[in-house]
Amino acid sequence: MTSYPMTRLRRTRSTAWSRAMHREVLVTPADLIWPLFVTEGEGLEDPILSLPGVSRWSVDGIVARAKEAVALGIPCLALFPNTQADRRSEDGKEALNPDNLMCRAIRAIKDACGNDIGVLTDVALDPYTSHGQDGLIDDAGYVLNDATVEALVGQSLNQASAGADIIAPSDMMDGRVGAIREALESAGHVNVQIMSYAAKYASAFYGPFRDAVGSRGLLKGDKKTYQMDPGNAEEALREVEMDLAEGADSVMVKPGLPYLDIAVRVKEAFGVPVFAYQVSGEYAMIEAAVAAGAADRDAMVLETLLAFKRAGCSGVLTYHAAHAARLMGA
Ligand code: PBG
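Residues numbered from 1 in each chain as written. Predicted model: local features only at pLDDT ≥ 70, side-chain atom pairs only at ≥ 80, totals over all residues. Heavy atoms only, no water.

Draft legend 1. Structural context of the site of the ligand. Taken together, 18 residues surround the ligand, and among them Lys200, Arg210, Lys254, Ser280 and Tyr319 come closest. The protein chains hide 100% of the 400 Å² of surface that the ligand would expose on its own. Comparing atom positions with the cavity grids shows the ligand to sit within the largest cavity. Residues belonging to the shell around the ligand are distributed by class as follows: 8 nonpolar, 3 polar and 7 charged. (Near = heavy atom within 4 Å. Areas by Shrake-Rupley, 256 points an atom, 1.4 Å probe, with all protein chains shown as cover. 1 Å grid on protein atoms, 1.4 Å probe; cavity = no way out; pocket = protein on both sides within 12 Å on 5 of 7 lines; lining within 4 Å. Sits in = over half its atoms within 2 Å of the grid points. Nonpolar A, V, L, I, M, F, W, Y, C, P; charged D, E, K, R; others polar.)

Draft legend 2. Structural view of the layout of surface pockets. Its volume calculated, the largest pocket comes out at about 310 Å³. Along its surface, the largest pocket is lined by 19 residues, and Trp34, Gly53, Val54, Tyr319 and Ala322 are the ones closest to its centre. Elements supplying a minimum of two residues to the lining of the largest pocket: strand E1 (32–38), strand E3 (55–57), helix H2 (59–72), helix H9 (280–291) and helix H11 (321–327). Ranked by the residues each element gives to the lining of the largest pocket, the list is headed by H11, at 4 residues. For the second largest pocket, the calculated volume is near 240 Å³. Along the walls of the second largest pocket sit 15 residues, with Met172, Asp174, Glu235, Glu239 and Met242 positioned nearest its centre. (Points joined across faces, edges and corners; volume = space filled by probe spheres on them. Helix = DSSP H or I, 4+ residues; strand = E, 2+ residues; numbered from the N terminus.)

Draft legend 3. Region of interest: the environment of leucine 244. With respect to the helices and strands, leucine 244 occurs in helix H7 (residues 234–245). Sequence separation between leucine 244 and alanine 198 is 46 residues; the distance between their C-alpha atoms is 9.0 Å. In this structure, leucine 244 is in contact with Val251, Phe270 and Val272, ignoring residues within four places of it in sequence. (Contact = heavy atoms within 4.5 Å.)

Draft legend 4. Just helix H4 (residues 145–162), in detail. For H4, with 18 residues, the first-to-last C-alpha span of 26 Å sits near the 26 Å given by 1.5 Å per residue. Every buried residue belonging to H4 is among Thr148, Val149, Ala151, Leu152, Val153, Gln155, Ser156, Asn158, Gln159, Ala160 and Ala162, and all of these are buried. As for H4, its buried residues are in contact with helix H3 (101–113), strand E5 (118–123), strand E6 (166–169) and helix H5 (176–186). With its phi angle positive at about 120 degrees, glycine 163 sits one or two positions after the end of H4. (Expected span 1.5 Å × (residues − 1). Buried < 20%, exposed > 50% of the residue type's maximum accessible area, 1.4 Å probe, protein only.)

Draft legend 5. Seen up close, empty space enclosed by the protein. Under the counting rule described, the total for this entry stands at 2 cavities of 30 Å³ or more. Considered as a void within the structure, the largest cavity measures approximately 130 Å³ in volume. Forming the walls of the largest cavity are 16 residues, and the residues nearest its centre are Asp126, Lys200, Tyr206, Phe209 and Lys254. Every element with two or more residues in the lining of the largest cavity is listed here: strand E7 (193–200) and helix H6 (207–212). When the residues that make up the lining of the largest cavity are grouped by side-chain class, the tally is 7 nonpolar, 3 polar and 6 charged. Space inside the second largest cavity adds up to approximately 50 Å³.

Draft legend 6. Seen up close, the pattern of salt bridges. Summed over all chains, the structure comprises 17 salt bridges. Here aspartate 46 and arginine 56 are joined by a salt bridge, their closest N and O atoms 2.9 Å apart. Taken together, the residues span a long stretch of sequence, with aspartate 46 in strand E2 (residues 45–47) and arginine 56 in strand E3 at a distance of 10 residues. Among the charged side chains, a salt-bridge network with shared partners connects Arg65, Glu68 and Arg326. (Salt bridge = Lys/Arg side-chain N within 4 Å of Asp/Glu carboxyl O.)

Draft legend 7. Local environment of the environment of methionine 252. Looking at the element boundaries, methionine 252 is found in strand E8 (residues 250–254). Taking the relative accessible area as the measure of exposure, methionine 252 reaches 1% and is therefore buried. If we ignore the near neighbours within four places in the chain, the residues touching methionine 252 are Met195, Ser196, Tyr197, Ala198, Ala199, Phe275, Ala276, Tyr277 and Leu317.

Draft legend 8. Representation of the pairing of E6 in the model. Of the two faces of E6, the one holding Ile166 and Ala168 and the one holding Ile167 and Pro169 are both buried throughout. As paired elements, E5 and E6 share 4 bridges and run parallel to each other. In the sheet register, leucine 120 faces E6, and the bridge partner there is isoleucine 166. Regarding the hand of the β-α-β motif, the stretch spanning E5, H4 and E6 is right-handed. As paired elements, E6 and E7 share 2 bridges and run parallel to each other. Residue pairing across strands places isoleucine 167 opposite isoleucine 194, the latter belonging to E7. Taking the sense of rotation as the criterion, the β-α-β connection linking E6, H5 and E7 turns out right-handed. (Pairing = 2+ DSSP bridges. Right-handed = clockwise from strand over helix to strand, strands pointing away.)

Draft legend 9. The arrangement of the nonpolar core in detail. Of all hydrophobic cores here, the largest spans 78 residues; its most connected members are Leu79 and Ile262. The biggest single contributor to this core is H3, with 8 residues. For leucine 79, the residues in contact, after removing those within four places along its chain, are Leu36, Val38, Ile62, Met102, Ala105, Ile106, Ile109, Val119, Leu120 and Asp122. With 24 residues, the next largest nonpolar core counts Val54, Ala78, Ala168 and Met252 among its residues. (Core = buried A, V, L, I, M, F, W, Y, C linked by side-chain atoms within 4.5 Å.)

The following block contains the structure:
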């Protein structure tokens, strides 16, 4: 029986050394994946207004960020392209171009850094479509599952050929993980991983990201016929189960903090590597609170990252990655 005053839980909290000694989880730079936005051009840094402190970088700038990440001990980058308007189309076929912005960025990072850093690439058509949906649409605007999966397989092979280390399908089509895994195996990309955006919700927290990749103005309607309903948790477990059966090496829960319960349940149910995406709207909320004088950025950033680790996540995709790694003394 633990009872007061023999047991005082405040005893171990009474000094900094003791608190450090009793802390159950830690967050280190190795827990971070840094999402970066790529844009055309040379020597270009293009600030994203709805994501204060985050910019789109031309490929040379992306390589500089990659070197910075290596120095900070961040193990992996996640790349997203801002495709030029004249390269977007109804069918998003620029996603299959071996010389598209994404592939050039992957190759440049791999040329400069080799295996000092991993490159995770998002698979979905939204940065390439003129309508901003993640897949191919019919006349009514409905996103077609099987035809989209075929395009995503092509996109994945294109990225893997350019040197991507982790393919991360964020589209939420049924059956895409299995189709991508099979195609990767057949093409000899046996060690290219798949981190599936397994439980991705139709969320109000993606707004700034859509600005960043230039799809916000294009998207009509929403993504609710493929991304998950925020009210569902049991369904997230089914999504994860299927993606694992199809060959996913790790799974992602997205958004992050509002869905920590999902991360915990996935970890408890499957015991596999779970990653959380602290998405653009979450970043913007922290920055807005800081700008309003309502919060201390550094403390908030570290506390939220620790929360993901406490929930059982192996790591976190966060726009604060470089800042956080610096705070951790990297
Ligand atoms: C594209 C994709 C999105 C995000 C990652 N990949 C946006 C969306 O689904 O509309 C969101 C990331 C963020 O908000 O930071 N499929």
